[in-house]
Amino acid sequence: MTDATLQNAQPDPVLAAKPKNRVWKKLRSHRSAMLGGILVAFFLLIALAAPILPIPDPASTDWGDVRKAPSAAHWLGTDEIGRDVLSRMIWGAQASLLAGVVSVGIAVLLGVPLGLVAGYFGGWTDAAISRCTEALLAAPFLILAIALAAFLGPSLTNAMIAIGISATPIFIRLTRGQVINIKSEDYVESAKAIGLPTRLILSRYILPNVLPPILVQATLTIATAIIAEASLSFLGLGQQPPAPSWGSMLNTAKNFLNQAPWMAMWPGISIFLVVLGFNLLGDGLRDALDPREH
């Protein structure tokens, strides 16, 4: 190849871009991921802004406005004891999103270190962690969360702990599989050969390469955790009245489906939209972070 040819050759814009820029460009071009991001951002915004929004107290009752249809005074109607449904929806978003993020945070903090240890060291350590993980996976996720929440007692905090423990095996298995693939790479073997401590190898060479799939899985698991929190609250094991929660609102609304369908409609739509948002965002992140897509 001549010098002129080399000078005229145009670099591949995808390969020339920095990794972070490539990921962002790929994510930005993913329309469904952008839609998911908008939905997630919207619910996060209203949850964070709940204390400063000009809305009624979610626990304030008005016996003269019991089960009123949506109107100018109450945009989404009122519930069985005259509480404003819009106010309870906005404050309920805090409980649902907090449960999703905190539960997944617990699962990541427990599962990733165990997966790193199991995948890197192998042997009896891997066998012991894997057998415990398989025992937890033997029970369906929601059934295990219900059992743990019932054992710990009904409250939002206990529900988050129960959901987090139930989701931990997912991250153990994912991290373990990624570590097994990565630890045989040349750069890890070189780090071992020069005598770097194990903790440095794990933190500097293995963990950064494990984080992208963990991030994707965490985004998808938040959606599952939100559904689990709503289910636990519906059963009376999550957020306790009079504090608002979408699941507890659905539990109350089931008794008034004929007289006041709006009581069930808005919490159900909100759960659907926020779960859809996290799933779409997770799918987009998976495509954007996949090196085979670049």
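Everything that follows concerns the structure shown earlier in this document.
Quick caveat, the model's predicted, so the values are computed rather than measured.

A.B. asks: Honestly, the overall build of the protein in this entry has me stumped. Any pointers?
C.D. replies: Helix and strand content of the protein: 12 helices and 0 strands. Each helix (α) and strand (β) of the protein, taken in turn from the N terminus, gives the series α-α-α-α-α-α-α-α-α-α-α-α. Taking the principal axes of its C-alpha atoms as reference, the protein extends roughly 85 × 55 × 30 Å. Across the 294 residues that make up the protein, the buried fraction comes to 41%.

A.B. asks: Please clarify how the nonpolar core should be interpreted in this entry.
C.D. replies: Side chains of a nonpolar character, in soluble globular proteins, are inclined to be buried together. Counting 52 residues, the largest nonpolar core has Leu97, Ile206, Ile226, Trp246, Val274 and Phe278 as its most contacted members. Among the secondary structure elements, those contributing two or more residues to this core are helix 4 (31-49), helix 5 (85-121), helix 7 (141-152), helix 8 (156-182), helix 9 (186-193), helix 10 (198-234), helix 11 (246-253) and helix 12 (262-289). Ignoring sequence-local partners within four residues, the contact set of Val274 consists of Phe43, Leu97, Ile226 and Trp246. In this structure, Phe256, Ala260, Trp262 and Met263 belong to the second largest nonpolar core, which totals 6 residues.

A.B. asks: Explanation requested: the packing of helix 7 against helix 8 in the structure shown.
C.D. replies: The geometry of helix 7 relative to helix 8 is characterised by a closest axis approach of 8 Å and an angle of 140° between their N-to-C directions. By the criterion of interaxial angle, the relationship of helix 7 to helix 8 is oblique. Note that helix 7 runs across helix 8; the crossing there is right-handed. Facing Phe141, Leu144, Ala145, Leu148, Ala149 and Leu152 of helix 7, the residues of helix 8 in contact are Asn158, Ile161, Ala162, Ile163, Ile165, Ser166 and Ala167. Along the lines of polarity and charge, the residues of the contact of helix 7 with helix 8 split into 11 nonpolar, 2 polar and no charged.

A.B. asks: What exactly am I supposed to notice about helix 6 (residues 123-137) here?
C.D. replies: One full turn of an α-helix is made of 3.6 residues, so residues set three or four places apart face in the same direction. Taking 1.5 Å of rise per residue, 15 residues should cover 21 Å, and helix 6 covers 21 Å from first to last C-alpha, within 8% of that figure. Taken residue by residue, helix 6 has Thr125, Asp126, Ile129, Ser130 and Thr133 as its buried positions. An end-on view of helix 6 places all buried positions within 115° of arc, on one side of the element. Along helix 6, the residues that are exposed and aim more than 90 degrees away from the buried face are Trp124, Cys132 and Ala135. Those residues of helix 6 that are buried lie in contact with helix 5 and helix 8.

A.B. asks: In this structure, what is going on with a nonpolar patch on the surface? I would like to understand it.
C.D. replies: A grouping of Leu110, Phe151, Leu152, Ile161 and Ile165 is seen on the molecular surface, where their side chains present a nonpolar patch of about 450 Å² in accessible area. Structurally, Ile165 is set in helix 8.

A.B. asks: Is there a simple way to think about the packing of aromatic side chains in this case?
C.D. replies: Here the distance between the centres and the angle between the planes together describe a pair of aromatic rings. Summed over all chains, the structure comprises 3 aromatic pairs. Between Phe42 and Phe43, the aromatic rings sit 5.3 Å apart at their centres with planes inclined by 75°, giving edge-to-face as the arrangement. Here Phe42 falls in the partly exposed class, since its relative accessible area comes to 46%. Ring geometry for Tyr120 and Phe121: centres 5.3 Å apart, planes at 90°, overall edge-to-face.

A.B. asks: What is the right way to look at the pattern of salt bridges in this model?
C.D. replies: Once the charged atoms of two side chains with opposite charge are near each other, the side chains can pair. In the structure shown here, the tally under the stated rule is 6 salt bridges. Across the salt bridge formed by Glu80 and Arg83, the nearest N and O atoms sit 3.4 Å from each other. Across the pair, exposure class does not vary: Glu80 and Arg83 are buried alike. When the shortest N-O distance is used, the salt bridge between Arg286 and Asp283 registers 2.6 Å. Remark: Asp283 and Arg286 occur in helix 12; sequence separation between them is 3 residues, near one turn of the helix. Under the relative-accessibility criterion, Asp283 is labelled partly exposed at 28%. Salt bridges here are not isolated pairs; linked through shared partners, they connect Asp79, Glu80, Arg83 and Arg88.

Cut-offs applied
Residues numbered from 1 in each chain as written. Predicted model: local features only at pLDDT ≥ 70, side-chain atom pairs only at ≥ 80, totals over all residues. Heavy atoms only, no water. Helix = DSSP H or I, 4+ residues; strand = E, 2+ residues; numbered from the N terminus. Buried < 20%, exposed > 50% of the residue type's maximum accessible area, 1.4 Å probe, protein only. Core = buried A, V, L, I, M, F, W, Y, C linked by side-chain atoms within 4.5 Å. Contact = heavy atoms within 4.5 Å. Axes fitted to C-alpha atoms, helices over the stretch in contact; angles between N-to-C directions. Parallel < 35°, antiparallel > 145°, perpendicular 65-115°, else oblique. Left-handed = near helix turned anticlockwise from the far one by under 90°. Nonpolar A, V, L, I, M, F, W, Y, C, P; charged D, E, K, R; others polar. Expected span 1.5 Å × (residues − 1). Arc of directions from axis to C-beta. Patch = residues over 30% accessible without salt bridge, like charges linked within 9 Å, V, L, I, M, F, W, Y side chains within 5 Å. Areas by Shrake-Rupley, 256 points an atom, 1.4 Å probe, with all protein chains shown as cover. Salt bridge = Lys/Arg side-chain N within 4 Å of Asp/Glu carboxyl O. Phe/Tyr/Trp six-rings, centres within 6.5 Å; stacked < 30°, edge-to-face > 60°.

Nothing here speaks to function; it is geometry throughout.
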